[in-house]
Structures are given as structure tokens and as C-alpha cells.
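Read off the chains here:
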Amino acid sequence: VLEATEPIIAACVAVAEELGRTPAQVALAWLLAKPAVSAPIIGPELPEHVDELFGAVGWQVPPEAIETLDSASEDGSPRRLWQPPGARQQVPPRR
């Protein structure tokens, strides 16, 4: 786990405990609440993981929990956790 992601993970765990959800459900529901996110990519390894992630639909993360999660993220939104802090995404030019 990258050091930069630790606050986000801790916030997901704390919000999950408050809401009676799992951290994965909170993280996915948080992503689904972002207007710029149309289809989060998930990578479950077991059928049980799929079942757990289905628990992220049909409810919304409360606004105060969104604030907690956003404040744990550097730029106020979920980011690509596989990129090192400070990395910039390179977008190819349009042709």
C-alpha cells in the first residue's frame, strides 16, 4: 500500500464502521457518487467479493461521509491508487 493511500483506506474503514458496511462497499459507493466516474473498474477474485460489491448499490454515502472521504484524498476525489504520489497522467494528443 502506498503511503499516500493510507488516509483514504483509514477513512473508508471508519465510514464503513459508522454505516455498517464494508470498506469495499463504501469505496465503491463513493466512486459511484462522483459525477466524473461512469463505470468503476472492479477486480474481484472470488464470487464472495462480487456479492460484497453488490452491497455498494441501492444506497448513497451520506454527504458528511463524502466530506470525510474527500478530505482524506489529496485532490478531493478518488484517484488512481496505482500511480505514485505526484505522478501525472499522460493523455495522448487527439489526431
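Thresholds applied
Residues numbered from 1 in each chain as written. Predicted model: local features only at pLDDT ≥ 70, side-chain atom pairs only at ≥ 80, totals over all residues. Heavy atoms only, no water. Buried < 20%, exposed > 50% of the residue type's maximum accessible area, 1.4 Å probe, protein only. Helix = DSSP H or I, 4+ residues; strand = E, 2+ residues; numbered from the N terminus. Arc of directions from axis to C-beta. Contact = heavy atoms within 4.5 Å. Core = buried A, V, L, I, M, F, W, Y, C linked by side-chain atoms within 4.5 Å. pLDDT = per-residue confidence, 0-100. Patch = residues over 30% accessible without salt bridge, like charges linked within 9 Å, V, L, I, M, F, W, Y side chains within 5 Å. Areas by Shrake-Rupley, 256 points an atom, 1.4 Å probe, with all protein chains shown as cover. Salt bridge = Lys/Arg side-chain N within 4 Å of Asp/Glu carboxyl O. Axes fitted to C-alpha atoms, helices over the stretch in contact; angles between N-to-C directions. Parallel < 35°, antiparallel > 145°, perpendicular 65-115°, else oblique. Left-handed = near helix turned anticlockwise from the far one by under 90°. Nonpolar A, V, L, I, M, F, W, Y, C, P; charged D, E, K, R; others polar.

Peer 1: For this particular structure, what's the right way to read helix 4 (residues 63-72)?
Peer 2: Of all the residues in helix 4, the buried ones are A65, I66, L69, D70 and A72. Buried residues in helix 4, looked at end-on, bunch into an arc of 160 degrees, giving them a common side. Exposed side of helix 4, more than 90 degrees from the buried face: P63, E64, E67 and S71 are the residues found there. Check the buried side of helix 4 and you find it contacts helix 1 (6-19) and helix 2 (23-32).

Peer 1: Just to check I follow, could you spell out the nonpolar core for this structure?
Peer 2: It is characteristic of soluble globular proteins that their nonpolar side chains tend to be buried jointly. Formed by 17 residues in total, the largest nonpolar core has its most connected members in V15, V26, A29, W30, W59, V61 and L69. Secondary structure elements with two or more residues in this core: helix 1, helix 2 and helix 4. The element contributing the most residues to this core is helix 1, with five residues.

Peer 1: For this particular structure, what's the right way to read the confidence of the model for the protein?
Peer 2: Low pLDDT marks stretches whose predicted atomic positions should not be read closely. Taken over all residues, the pLDDT of the protein has a mean of 82, while the share at 70 or more is 76%. Per-element confidence in the protein is highest for helix 1, whose mean pLDDT is 95, and lowest for helix 3 (residues 47-54), whose mean pLDDT is 92.

Peer 1: Would you take a moment to explain a nonpolar patch on the surface for this structure?
Peer 2: Together, L32, V50, F54 and V57 give the surface a local cluster of nonpolar side chains, amounting to about 360 Å² of exposed area. Relative to the elements of secondary structure, L32 occurs in helix 2. By relative accessible area, which is 41% here, L32 ends up partly exposed.

Peer 1: Explanation requested: the packing of helix 1 against helix 4 in the structure shown.
Peer 2: Geometry of a packed helix pair, given as the angle between the helix axes and the separation of the axes. At a minimum axis distance of 8 Å, the contact between helix 1 and helix 4 shows a crossing angle of 165 degrees. Classed by the angle they form, the pair helix 1 and helix 4 counts as roughly antiparallel. Pair helix 1 / helix 4 crosses with right-handed handedness. Side by side, helix 1 and helix 4 meet where P7, I8, A11, C12 and V15 of the first sit next to A65, T68, L69 and A72 of the second. Within the contact of helix 1 with helix 4, the residues separate by chemical class into eight nonpolar, one polar and no charged.

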